[in-house]
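Each chain, written out:
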Amino acid sequence: MRPVEIGEGVHWVGALDPQLRVFDIIMKADHGTTYNSYLVTAGDRAAVVDTVKAPFYEEFLENVRSLVDLRDISYVVVNHTEPDHSGSLDRFLRDAPNARVVCDRQCRNFVRNILNRDVDPILVQDGDTLDLGGGAVMRFVHAPFLHWPDTMFTYLEKQGILFTCDFLGAHYCDDRLFDDLVDDYSHAFEYYYLVIFRPFKKYVLEALDKIEGLDLRVIAPSHGPVLRSDPRAYMEKYRQWSSRPLPGEEKSLLVFYASAYGNTAALAEKIAEGARSEGARVAVMDVAATDLNLMIDRIEAADGIAVGSATINGDAVEPVWFLLSHLATLNLKGKVGAAFGSYGWSGEAPKLIAERLRGLKFKVEEEPLRVNLVPTEEDLEKAVELGRRLARAVGAGSG
Ligand code: FEO
């Protein structure tokens, strides 16, 4: 795709990747993605803001070349060093011999390790400015952990354009480029937030506060549409999603299970019954049939969880590990955890789950409830009792 002007003297010079279906191994990209790079020629000195993934270098370079002599590029601003934006940096610095990297201190280390050489960058801190001449000034906004420690935003003052790299982006490829021209991509925008930024809500809110007072006419992220129709509406979405849920009056417990023959499921229902009887708000979820992001959202807001699994081949089943493998970035400290499950002959699953919950910083004080095959009335009563104790442990009924 050819360059597109997004503001006075500012062009999109990136690349489209419509065929991509999986990003970073774990992330779906049903509509492909874009690697947005921007060329600023507004002042006397030209600057590139972020580059593109390595396989797209030639396309990107051709776009830059069509607008400016490579020798006239003075700066390459690196807002973030993940290789989908820095993968072309090494080649570009060789092809644009007068370009100096502009980045923050944390980013400098990453740049060095990506290029395996020193490049003598211009180091910038929060609030620093870089005058491109001709009235064009870039201001840098320190915005760490969005989603790497190195991340920052770059604000082009005169044009009111904020370059945010991943922040407020989406894996959504459409050559119409602007948010008011492409189809409704809100699902991709939200999914991107959930996977990339949800673990960093505190930093999302801090960054939003920092940019709130800027004159924002365009937000130019590094993936997906450029936001020009109502940039603040997208910021408001992030603010809503990142604001912690208000604590309810009732304490909440979630009971997850994966059951082969209904025995572990029966224990889950009895644990829930016991917890409810103590005044806890309880939800029971089959991990194999519930959306992962929904479960993560609920865990983040809950006071405790109980996780049950059948034991198959000496282990908990895959959907349970899949869920537990996605909790490491949540703040779980102090939440109550417990494990349970029915088994045929060995019954390792509940113990392994309890260990994993402890590793995730759940407070696990209950011995795992393990039941051989079909629960007896006595087993079911033990599950009810476990539910009651868990409800008390999360503070249900304490007023
Ligand atoms: Fe699009 Fe964190 O890279």
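Here is a short report on the structure shown in this document. (Residues numbered from 1 in each chain as written. Predicted model: local features only at pLDDT ≥ 70, side-chain atom pairs only at ≥ 80, totals over all residues. Heavy atoms only, no water.)

**A few points about the side chain of D179**
Reasoning step 1: By the secondary structure assignment, D179 is in the loop between β15 (161-165) and α5 (186-197).
Reasoning step 2: Within the buried core, D179 has no salt-bridge partner, and the shortest N-O distance to an opposite charge, that of R228, equals 5.0 Å.
Reasoning step 3: Side chain to side chain, D179 and Y234 meet in a polar contact 2.8 Å long.
Reasoning step 4: Setting aside anything within four residues of it in sequence, one finds D179 in contact with Y185, P225, V226, L227, R228, S229, D230 and Y234. (Helix = DSSP H or I, 4+ residues; strand = E, 2+ residues; numbered from the N terminus. Buried < 20%, exposed > 50% of the residue type's maximum accessible area, 1.4 Å probe, protein only. Lys, Arg positive; Asp, Glu negative; His and termini not counted. Salt bridge = Lys/Arg side-chain N within 4 Å of Asp/Glu carboxyl O. Polar contact = N/O pair within 3.5 Å; in protein donor to acceptor, adjacent residues only side chain to side chain. Contact = heavy atoms within 4.5 Å.)

**Regarding the pairing of strand β17 (residues 252-258)**
Reasoning step 1: The element β17 is extensively covered by neighbouring structure, given that 7 of its 7 residues are classed as buried.
Reasoning step 2: Here β17 shows two buried faces, one formed by S252, L254, F256 and A258 and the other by L253, V255 and Y257.
Reasoning step 3: Pairing of β17 with strand β18 (residues 281-286) involves 6 bridges; the strand directions are parallel. Each residue of the ladder has a partner; that of S252, found in β18, is R281.
Reasoning step 4: Taking the sense of rotation as the criterion, the β-α-β connection linking β17, helix α8 (residues 263-277) and β18 turns out right-handed.
Reasoning step 5: Examined bridge by bridge, β17 and strand β19 (residues 304-309) share 6 bridges and lie parallel to one another. The residue of β19 that forms the bridge with Y257 is G308. (Pairing = 2+ DSSP bridges. Right-handed = clockwise from strand over helix to strand, strands pointing away.)

**Re the sheet that holds strand β7 (residues 38-40)**
Reasoning step 1: Taken in spatial order, the 7 strands make up an open sheet running β1-β2-β7-β8-β9-β10-β11, and their pairing is mixed. The strands lining the two open edges of the sheet, one partner per strand, are β1 (4-7) and β11 (122-123).
Reasoning step 2: Sheet analysis places β7 next to strand β8 (residues 46-49), joined by 3 bridges and oriented antiparallel. Among the inter-strand pairings, V40 is bridged to a residue of β8, identified as A47.

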